[in-house]
Amino acid sequence: TVDVSLPTGQQIADAVGNTSWTSGGSDIDLSSAPWLYDNLDGETSTNSYGYWTSTPNSSNSYSAWIVFSYGYLYYGDVDYTDNGVRPVITVSKSQLSQ
């Protein structure tokens, strides 16, 4: 079995080296890690503009953090339906074989 979850805002921030980011902080430029927002364009019915993280915005009770298709982590209203999910699958090294 493997654990599946939504990424946190901090995991996204850490992926681009911003370890001091907080959930009440500002948007983060993700252009140094395009794999975080690959295949997000919102231009077709099969793609979304972004994906939600599991992190609420601590400064704004009706917002949560989203990885947006234009390459940044930003907060958006939780009733915005053009965003999807991109689960994180965690596999222990002990479960891998060569």
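Throughout what follows, the structure given in this document is the object of discussion. (Residues numbered from 1 in each chain as written. Predicted model: local features only at pLDDT ≥ 70, side-chain atom pairs only at ≥ 80, totals over all residues. Heavy atoms only, no water.)

### Regarding the overall build of the protein chain
Of the regular secondary structure elements, the protein chain holds 1 helix and 7 strands. Secondary structure of the protein chain in N-to-C order comes out as β-α-β-β-β-β-β-β. Along the first, second and third principal axes, the C-alpha set of the protein chain runs to 45 × 35 × 25 Å. Put simply, the protein chain has 98 residues, and 33% of those count as buried. Relative to all contacts within the protein chain whose residues are 6 or more apart in sequence, the contacts with residues 24 or more apart total 55%. For the protein chain, the accessible area works out to roughly 6200 Å², and carbon and sulfur atoms hold 50% of it. (Helix = DSSP H or I, 4+ residues; strand = E, 2+ residues; numbered from the N terminus. Buried < 20%, exposed > 50% of the residue type's maximum accessible area, 1.4 Å probe, protein only. Contact = heavy atoms within 4.5 Å. Areas by Shrake-Rupley, 256 points an atom, 1.4 Å probe, with all protein chains shown as cover.)

### Structural notes on the environment of Val85
As for its position among the elements, Val85 is in strand β6 (residues 83-85). The spacing of Val85 and Thr53 is 32 residues in sequence and 7.6 Å in space, taken between C-alpha atoms. When near neighbours in sequence (up to four residues on either side) are disregarded, Val85 contacts Leu6 and Tyr51.

### A word on the packing of aromatic side chains
Enumeration according to the criterion identifies 7 aromatic pairs in this entry. A ring pair is formed by Tyr49 and Phe68, whose centres lie 6.4 Å apart and whose planes are at 15 degrees; its orientation type is stacked. Of this pair, Tyr49 sits in the loop between β2 (28-29) and β3 (50-56) while Phe68 sits in strand β4 (residues 63-68), and the two are 19 residues apart along the sequence. Owing to a relative accessible area of 23%, Tyr49 belongs among the partly exposed residues under this scheme. When the ring of Phe68 is compared with that of Tyr74, the centres are 5.0 Å apart and the planes differ by 75 degrees; the resulting orientation is edge-to-face. Residue class for Tyr74 comes out buried when judged on its relative accessible area of 16%. (Phe/Tyr/Trp six-rings, centres within 6.5 Å; stacked < 30°, edge-to-face > 60°.)

### Quick word on the sheet that holds β2
In spatial order, the strands read β2-β5-β4-β3-β6; together these 5 strands make up an open sheet with mixed pairing. Since the sheet does not close on itself, it has two edges, and those belong to β2 and β6, each with one partner. Inspection of the sheet shows β3 paired to β6 by 3 bridges, in the parallel sense. Looking at β6, one finds that Tyr51 is bridged to Gly84. (Pairing = 2+ DSSP bridges.)

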